Amino acid sequence: MTKRIVRKTCALPGEDYLANIPALLRPIYANRGIRSERELEKSLEHLIKPDLLGNIDTATHLLETAIRERQSILIVGDFDADGATSTALSLRALTMLGASHVEYLVPNRFEYGYGLTPEIVAEAAKRQPDLIMTVDNGVSSVQGVAAANELGITVLVTDHHLPGETLPAAAAIVNPNLRNECFPSKHLAGVGVAFYVMLALRARLRDSGWFSEGARQEPNLAELLDLVALGTVADVVPLDHNNRILVEQGLRRIRAGKSIPGIKALLQVAGRDHRYINASDLGFCVGPRLNAAGRLEDMSIGIECLLTNDESRARTYAAQLDQLNHERRAIESDMKAQAVAELEALHLDDTADMPIGLCLYNPEWHQGVIGILASRIKDIWHRPVIAFAQASETELKGSARSIPGLHIRDALDAVAARHPELIQKFGGHAMAAGLSIHASDYPAFQHAFDQEVRLHLDEGQLQGVIQTEGALASGDFVQETARLIANAGPWGQHFSEPLFDNAFTVVSQRVVGDNHLKLQLQPEESHLALDAIAFNQADVTITPGQKIQAAYKLDINRFRGMESLQLVVEYFEPAG
């Protein structure tokens, strides 16, 4: 699919707009919807207050009662990085707050599927919990909560996923995305919701005299912000102001060497120096290694890595997760090659009659990797993709990824409304979702999904657009500019790290690593020779002396104690 570079246009709303912000950053912030310097504050005092979350009083009453009466609390999490961090945070926080009996249970993706199902409740019941607290799941677990209620087990749901038409009959549901919920930020990750519940619980215990009664030390829950940052970035939720504060504060703890042993160990196996990490390191280095456990085996390995306070054990778990991630990448590579070959045979760029909403299925594909596959294919062809794997002889499980312009969960909801028997279950967000269908219904679903997508996307929205902030002047190609931009984050979903584009002459090029291009580039009308790297682009033909238009980020390369400016080239094309 052809991509093109498009420069963003920005009109600053007045002379005093962001007056105290460096000039280079003003249009960058304006292009991301920033309208006041207050929106750039990163201190914890600017967090939205926990008492604004709906049902928080009921939720904290349940937890306070469980703590005071020494009840058994069982955390039921999800099998991704958000679920793992939510589980570890909740268990750590409840223990810090004085809970005497806290355990966790995470469904195995391949045996039980997602959420608090009746089957998971049956497993949970073997542990005889008084209270089940879900994290990063539960808002769609109508049958599971009903099963728990029948067994006399109280259920507290904490979640951030969009609710269905019917809510489970839990004792309390805390979710910023419930209907009529007034919490100002709808973008908390599951770990963010769990953190807020723990903040509110601490305040409740403080007000009721819990800490003073037994001369207990009131814990500093900010110690858990490294987990919040990791789960928030790994779940790719939009980094609104509230989430940027959470992520920034977590990053500061990690850089200061104050993170839990598990995060330190995961950074080490990824070859990252904790002193210089940014949000993308959490998203592209730590998150995938944590996710690999849930994709290929059992997320318990990842959770144990985040729970241990022993650095040696943390390194052992991190090494296991790193190995699983290598295996996941090999599986993903094979699946991607198969999918690309199949799609190239359809000649998508040549025929307007090909699907806009793509469905892919291979009976040999790994159920735990289809989400990554869907994302990779979406990036190549820039259209919504659902990749399916065989869950049983009669059932397929799908993982969906979308592009701007299509709310994927709403699209699945519309398909389900028009074809009530076609989708067994589904859930998710605007850009990612999961679903199950009968294997025999795959052709019918393919057609129905494509028809629904065509109602929302036109040809222009299917073009791959590389949006940049424009060109940098020669004087901006310095380390100070790279540091300025790095410190202006954290960058992430819906608050993207700025891309720039300039015309360059290629001075030299060579392949490094598996599939990366190491370049030297000379900007137009300049004698500079800038180091650059284009990851996973070694298959693109480029020769010394060639003139290109490149979209890039500024970075500082650290090697053997030396620092130098480096351009990270996201995309390039022949200069016109």
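Structural data are supplied above this passage.
In this report, we go over the structure that sits alongside the text. (Residues numbered from 1 in each chain as written. Predicted model: local features only at pLDDT ≥ 70, side-chain atom pairs only at ≥ 80, totals over all residues. Heavy atoms only, no water.)

Some points on the overall build of the protein
Check the secondary structure of the protein and you find 17 helices and 17 strands. Taking 25 Å as the expected radius of gyration for a compact globule of 576 residues, we find that the protein reaches 24 Å, a close match to that expectation. Along the first, second and third principal axes, the C-alpha set of the protein runs to 75 × 60 × 50 Å. Relative to its 576 residues, the protein shows a buried fraction of 53%. (Helix = DSSP H or I, 4+ residues; strand = E, 2+ residues; numbered from the N terminus. Rg over C-alpha atoms; globule rule 2.2 N^0.38 Å. Buried < 20%, exposed > 50% of the residue type's maximum accessible area, 1.4 Å probe, protein only.)

Quick notes on the packing of aromatic side chains
If you walk through the whole model with that rule in mind, you get 12 aromatic pairs. Ring centres of Phe500 and Tyr552 lie 6.2 Å apart, and the angle between their planes is 35°; this geometry places the pair in the tilted category. With Phe500 in strand E13 (residues 500–512) and Tyr552 in strand E16 (residues 547–559), the pair connects residues that are 52 residues apart, well separated along the chain. The two residues Phe500 and Tyr552 agree in class, both being buried. The rings of Tyr361, Phe388, Tyr442, Phe445 and Phe449 are connected pair by pair, giving a single aromatic cluster. The residue whose ring lies beneath Arg244 is Phe495, and the NZ or CZ to ring-centre distance is 4.0 Å. Above the face of the Tyr276 ring, Arg558 is positioned so that its terminal group lies 4.0 Å from the ring centre. (Phe/Tyr/Trp six-rings, centres within 6.5 Å; stacked < 30°, edge-to-face > 60°. Lys NZ or Arg CZ within 6 Å of the ring centre and 35° of its normal.)

Description of the pairing of strand E8 (residues 385–390)
With five of its six residues buried, E8 lies for the most part within the structure. Two strands pair when backbone bridges link them, and strand E7 (residues 358–361) and E8 are joined in this way by four bridges, in the parallel orientation. Of the residues in E8, the one forming a bridge with Cys359 is Ile386. With helix H14 (residues 370–381) bridging E7 and its parallel neighbour E8, the resulting β-α-β unit is right-handed. As defined by bridge partners, E8 adjoins strand E9 (residues 395–401) across six bridges and the pair is classed as antiparallel. Its bridge partner lying in E9, Gln390 is registered against Leu396. Where E8 folds back on E9, the antiparallel hairpin that results is connected by four residues. (Pairing = 2+ DSSP bridges. Right-handed = clockwise from strand over helix to strand, strands pointing away.)

Focus on the nonpolar core
One finds Tyr29, Leu94, Met198 and Ile377 to be the most contacted residues of the largest nonpolar core, which totals 138 residues. Broken down by element, the residue count for this core peaks at 11 residues, all from helix H6 (residues 190–207). What Leu94 contacts, discounting residues up to four positions off in sequence, is Leu63, Ile67, Ile73, Ile75, Ala99, Val102, Met198 and Leu201. Listed in part, the 25 residues of the second largest apolar core include Ala400, Leu406, Ile408 and Phe445. (Core = buried A, V, L, I, M, F, W, Y, C linked by side-chain atoms within 4.5 Å. Contact = heavy atoms within 4.5 Å.)

Looking at the state of the cysteines
This structure, assessed with the given rule, holds zero disulfides. Between Cys285, a cysteine without a disulfide, and Cys305, which holds the nearest cysteine sulfur, the sulfur-to-sulfur distance is 15 Å. Cys285 gets classed as buried once you look at its relative accessible area, which sits at 8%. (Disulfide = S-S within 2.5 Å.)

Some thoughts on helix H16 (residues 442–454)
The terminal C-alpha atoms of H16, which comprises 13 residues, lie 18 Å apart, in line with the 18 Å expected from a rise of 1.5 Å per residue. Among the residues of H16, Tyr442, Phe445, Ala448, Phe449, Asp450, Glu452 and Val453 are the ones counted as buried. At its buried positions, H16 is contacted by E7, E8, E9, helix H15 (408–418) and strand E11 (432–438). (Expected span 1.5 Å × (residues − 1).)

Comments concerning the sheet that holds strand E3 (residues 102–105)
Strand order across the open sheet formed by five strands is E3-E2-E4-E5-E6, with parallel pairing between neighbours. Two strands bound the open sheet, and with one partner strand each, they are E3 and strand E6 (172–174). On average, adjacent strands in this sheet sit at an angle of 20° to one another, irrespective of strand direction. (Axes fitted to C-alpha atoms, helices over the stretch in contact; angles between N-to-C directions.)

Here we look at the pairing of E11
Pairing between E9 and E11: seven bridges, direction antiparallel. Note that in E11 the partner of Lys397 across the bridge is Ser436. Between strand E10 (residues 425–428) and E11, which pair antiparallel in sequence order, lie three residues.

Things to note about unusual backbone geometry
The residue after Gly489, namely Pro490, is reached through a cis peptide bond having omega 10°. By secondary structure assignment, the location of Pro490 is in the loop between helix H17 (479–487) and E13. Residues other than glycine seldom take positive phi values, yet Arg70 does so here, at roughly 55°. Inspection of the secondary structure puts Arg70 in the loop between helix H2 (56–68) and strand E2 (73–76).

Some thoughts on the sheet that holds E13
The sheet built from five strands closes into a barrel, its strands ordered E13-E14-E15-E17-E16 with mixed pairing. The sheet shows a mean angle of 45° between the axes of neighbouring strands, direction not considered. Looking at chain direction, strand E15 (residues 530–534) and strand E17 (residues 562–574) are connected through two bridges and run parallel. Along E17, the bridge assignment pairs Ile533 with Val568.

Section: the packing of helix H11 (residues 279–296) against helix H13 (residues 311–344)
At a minimum axis distance of 8 Å, the contact between H11 and H13 shows a crossing angle of 70°. Classed by the angle they form, the pair H11 and H13 counts as roughly perpendicular. When H11 is examined against H13, the residues Pro288, Arg289, Leu290, Ala292, Ala293, Arg295 and Leu296 are found in contact with a partner set consisting of Leu321, Asp322, Leu324, Asn325, Glu327, Arg328 and Ile331. When grouped by side-chain class, the residues that make up the contact of H11 with H13 number eight nonpolar, one polar and five charged. (Parallel < 35°, antiparallel > 145°, perpendicular 65-115°, else oblique. Nonpolar A, V, L, I, M, F, W, Y, C, P; charged D, E, K, R; others polar.)

Focus: the pattern of salt bridges
For the structure shown, the criterion picks out 24 salt bridges. Asp450 is the salt-bridge partner of Arg454, the closest N and O atoms lying 2.9 Å from each other. With Arg454 and Asp450 both in helix H16 and four residues apart, the pair spans about one turn of that helix. What makes Arg454 partly exposed here is its relative accessible area of 31%. With its nearest N and O atoms 3.9 Å apart, the salt bridge here joins Lys553 to Glu497. One end of the pair, Lys553, is in strand E16; the other, Glu497, is in the loop between H17 and E13, and 56 residues separate them in sequence. Three or more residues are tied together by salt bridges with common partners; here these are Glu64, Arg68, Arg204 and Glu213. (Salt bridge = Lys/Arg side-chain N within 4 Å of Asp/Glu carboxyl O.)

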